[in-house]
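# A look at the structure
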Amino acid sequence: MSVRVRFAPSPTGSLHVGNARTALFNWLFARKHGGGLILRIEDTDRERSRPEWEAAILEDLRWLGLHWDEGPDVGGDAGPYRQSERLEAYQAAVDRLMGEGKAYFCFCSPEALEAQRQDRLARGLPPRYDGRCRSLPAEEVRQRRGAGEASAVRFVMPRERITVHDHVKGEIRFLGSDLDDFVLLRADGSPSYNLAAALDDCRMGITLVIRGDDHLANTPRQMALARALGWEPPQFAHLPLIHGSDGAPLSKRHGAVSVAEHRAAGILPEGLVNYLALLGWSPPAGRDEVMDLPTLSGLFTLDRVSRSPAKFDPERLAWFNRQHLRRLPTGQLLAFMEPADDLTERAARLLHKEVDSLVALKRAIAEIRSEPELESLDLPATAESALLQLRGALVVQGRLESEEDAQRILAHAARDLAPDGRRVLMRAARLALIGKPDGPPVATLLWILGAERAKQRVENALKGCVAP
RNA sequence: GACCCCGUCGUCUAGCCUGGCCAAGGACGCGACCCUUUCAAGGUCGAGAUCGCGGGUUCGAAUCCCGCCGGGGUCACCA
């Protein structure tokens, strides 16, 4: 049987880095085994699901370079791929279970359930549903339903032992008797997560479910449900969660947690993917850690997935991003930059190896482009003569068509200066050209700015010298 | 509270299954130095982990066994 895995986000927000990593591992596994990746939208929560979020998630996945073989946008034989469009299937399954005595109506109101929960908690008992509606007489059930009383449908949890053969955690045993009769159908007729997920995984022919650790405790419920429906559940692999720096699950207060935020911060998809792949998975010993998607998929195996949670480290992500930024061909780099003029091209070509992100590069270019403010230049007393020499060199050595020309102009300006004098010249020049003492080498700046602009800025700075 | 998972440098991890090659290797970060007209980048070197703790098995344990502690997940008519 060929491999089929799935990524099943719920469209209640934009794509989180944790979910992005789950999607990545699924993609990697599918690619590695020549199998299919199915994208399924878990939109059974009518309150919180929004089409905009679905679109955003799809866009983020594409941006990361993770393509799927079947999904709501591309279709496929196992569709529809939105759970909101599969309601009849859930209803039919529940009817069958009902007919076989494996499910029952529950009339407990949310308030009553909450009270029951609190009560059990207070008595030191596990806060699970006690199954009180399971033994309601058939006649009473008929009457109350007939009277229009709201009811949910619950699954009769078998009291058997359930063993999960997890591909990353190993063998994990649960007792059905520790689990309660969970809800299959809500009072409004919509399916619960456990019903929808378990049924779809079986009906869509998923062979292996790769998902976050937070679903591990749901697994025995879903397996029991699949079996009650007469199907063999898929295999499972549970990925450790990603935490924030304080060990708590990653959330907004840890900074950028969504893919979109990282993209906006100038992170490249290659950088994010590389970093995420190494959060919880490690390549075979001795491998260079900087890798692209094809390399990653060639190397990926579940037995090298870590079992313990990892902390998200923005510094390490920044480093991986820089590695990919350095390797990015100038043509691709320029596609992100604007305006598309000579200055941008020269600057991008020269500076992209020094920055961590696209926004840092954009900022660096913008800083060079913007005219320094005369008042804030703060030129030292010795600056004037230095700048005069630089202006002279710019005039005498007029040609500025390469970095070498810039080098020559500088050499000319500094030709009879001692090291200290050179230092003063360079500092004054950088101040005059970009308004701050730090930044790229002066020769680089000259070449990026071009002869005209450079001359003009030096002259402006000179004006500032005579009228302090 | 019950059930389940996890616990190696500050961080990501290798090693654990198949004990000795590990007085624990790599990467990020950090420090120093080199390069250098500045800041970065880059290069070199370095500091950094009694392998959560305590027992046990063994000639020998990060690796096997038991207990404990700590963190996390689930126990929703959320997913």
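Residues numbered from 1 in each chain as written. Chains lettered and ligands numbered in written order. Predicted model: local features only at pLDDT ≥ 70, side-chain atom pairs only at ≥ 80, totals over all residues. Heavy atoms only, no water.

### A short note on unusual backbone geometry
The criterion, for reference: The helix count covers DSSP runs of H or I at least four residues long, the strand count covers runs of E at least two residues long, and both are numbered beginning at the N terminus.
With an omega of -5°, the peptide bond running from G79 to P80 counts as cis. Summarising the element assignment, P80 is placed in the loop between α2 (51–64) and α3 (87–99). Across the junction of E338 and P339, the peptide omega takes the value -5°, indicating a cis bond. Its location among the elements puts P339 in the loop between α12 (330–335) and α13 (342–351).

### A closer look at the pairing of strand β9 (residues 235–239)
The test is simple: With a 1.4 Å probe rolled over the protein chains alone, any residue whose accessible area is under 20% of its type maximum counts as buried; one over 50% counts as exposed, and the rest are partly exposed. The crossover handedness rule: strands pointing away from the viewer, path from first strand over the helix to second strand clockwise, crossover right-handed.
Counting buried residues in β9 gives four out of five residues, a clear majority hidden from the surface. Regarding the hand of the β-α-β motif, the stretch spanning strand β8 (residues 208–212), helix α7 (residues 219–228) and β9 is right-handed.

### Section: the environment of W319
Checked against the element boundaries, W319 lands in helix α11 (residues 314–327). Counting along the chain gives 22 residues from W319 to D341, while the straight-line C-alpha distance between them is 29 Å.

### A short note on the packing of aromatic side chains
The condition is simple: The criterion for an aromatic pair is that two Phe, Tyr or Trp rings (for Trp, the six-membered ring) have centres within 6.5 Å, with stacked assigned to planes under 30 degrees apart, edge-to-face to planes over 60 apart and tilted to the rest. Counting as a charge over the ring demands two things of the Lys NZ or Arg CZ atom: a distance within 6 Å of the ring centre and an angle within 35 degrees of the ring normal.
Within the structure shown, the criterion is met by six aromatic pairs. Their ring planes at 35° and their centres at 5.7 Å tell us that W281 and F300 sit as a pair that is tilted. Taken together, the residues W281 in the loop between α9 (269–277) and α10 (293–299) and F300 in the loop between α10 and β11 (310–311) connect sequence positions 19 residues apart. Across this residue pair, the class does not change: W281 and F300 are buried. With a centroid separation of 5.0 Å and 80° between ring planes, the pair formed by W319 and F320 is classed as edge-to-face. Its relative accessible area of 36% is what places W319 among the partly exposed residues. Taking NZ or CZ as reference, R145 lies 3.9 Å from the ring centre of F105, over its face.

### Re the nonpolar core
Condition: Throughout, nonpolar core names a set of buried Ala, Val, Leu, Ile, Met, Phe, Trp, Tyr and Cys residues whose side chains join them through atoms within 4.5 Å. Two residues qualify as a contact provided that any one of their heavy atoms is within 4.5 Å of a heavy atom in the partner residue.
Counting residues in each nonpolar core, the largest one holds 52 residues, and the members touching the most others are L24, F25, L61, L276, W281 and F312. If we ignore the near neighbours within four places in the chain, the residues touching W281 are F25, M291, L296, L299, F300, T301, R304 and V305. The next biggest cluster of nonpolar side chains, apart from the first, holds 45 residues, and it includes L343, L361, A432 and A454.

### Structural notes on the domain arrangement of chain A
Going by this rule: Residue ranges for the domains originate in an automatic or database domain assignment.
Each assigned domain of chain A is listed with its residue range as follows: domain 1 (252–334) and domain 2 (371–464). With centres defined by C-alpha atoms, the gap from domain 1 to domain 2 works out at 40 Å.

### Looking at the protein's contact with RNA strand B
The criterion, for reference: Near, as used in this document, describes a residue that has one of its heavy atoms within 4 Å of the molecule or strand being considered. In protein, a polar contact means a hydrogen-donor-capable atom and an acceptor-capable atom, both N or O and within 3.5 Å, with residues adjacent in sequence counting only if both atoms are side-chain atoms; elsewhere, any N or O pair within 3.5 Å suffices. Side-chain classes follow a simple rule in which Ala, Val, Leu, Ile, Met, Phe, Trp, Tyr, Cys and Pro form the nonpolar group, Asp, Glu, Lys and Arg form the charged group, and the remainder, Gly included, forms the polar group.
In the region of RNA strand B, 66 residues are neighbours, and T44, P127, K169, R186 and G439 sit closest. One nitrogen or oxygen atom from the main chain of Y193 is found 3.1 Å from a phosphate oxygen belonging to RNA strand B. A distance of 3.0 Å separates a sugar or linking oxygen of RNA strand B from a polar atom in the side chain of E289. At the level of elements, α4 (110–122), β4 (152–155), β6 (170–175), β11, α11, α17 (419–434) and α18 (442–449) are the ones that each hand at least two residues to the surface near RNA strand B. Looking at side-chain class alone, the surface near RNA strand B contains 26 nonpolar, twelve polar and 28 charged residues.

### Quick look at the sheet that holds strand β7 (residues 183–185)
Put simply, the rule reads: Pairing between strands is defined by DSSP: at least two bridges between them are needed. The axes used here are C-alpha line fits, helices contributing only the stretch in contact, and every angle between their N-to-C directions lies in the interval 0 to 180 degrees.
What the three strands build is an open sheet, ordered β3-β4-β7; its pairing is antiparallel. Of all the strands in the sheet, just β3 (103–106) and β7 have a single pairing partner and so form its edges. Neighbour-to-neighbour, the strand axes of the sheet open up by a mean angle of 45°, direction not taken into account. Of the strand pairs in this sheet, β3 and β4 are connected by four bridges, and their pairing is antiparallel. Across the sheet, Y104 pairs through a bridge with R154, a residue of β4.

### Looking at α18
Helical periodicity: at 3.6 residues per turn, an α-helix aligns residues three or four positions apart in one direction. Judged by how many residues are buried, α18 sits mostly within the fold: eight of eight residues are covered. Buried within α18 are the following residues: V442, A443, T444, L445, L446, W447, I448 and L449. Directly after α18, the chain includes G450, whose backbone phi takes a positive value near 90°.

### Here we look at the pattern of salt bridges
Quick note on the threshold: The term salt bridge refers to a side-chain nitrogen of Lys or Arg lying within 4 Å of a carboxyl oxygen of Asp or Glu.
Evaluated as defined, the whole model comprises 36 salt bridges. Its salt-bridge partner being D188, residue R46 comes within 4.0 Å of it at the nearest N-O pair. Here the residue R46 occupies a position in the loop between β2 (36–39) and α2, and D188 occupies one in the loop between β7 and α6 (193–203), the gap between them amounting to 142 residues. We classify R46 as exposed; its relative accessible area is 53%. One salt bridge in this structure joins D181 and R134, with 3.1 Å as the shortest N-O distance. With D181 in the loop between β6 and β7 and R134 in the loop between α4 and α5 (138–146), the pair connects residues that are 47 residues apart, well separated along the chain. When its relative accessible area of 3% is taken as the criterion, D181 is described as buried. Because the salt bridges share partners, they merge into one network encompassing R6, R40, E42, R86, D200 and D201.

### Notes on α9
In terms of burial, α9 is a largely internal element, eight of the nine residues being buried. Residues of α9 that are buried: P269, G271, L272, V273, N274, Y275, L276 and A277. The elements touched by buried residues of α9 are α1 (17–32), α2, α8 (259–264), α10, β11 and α11.

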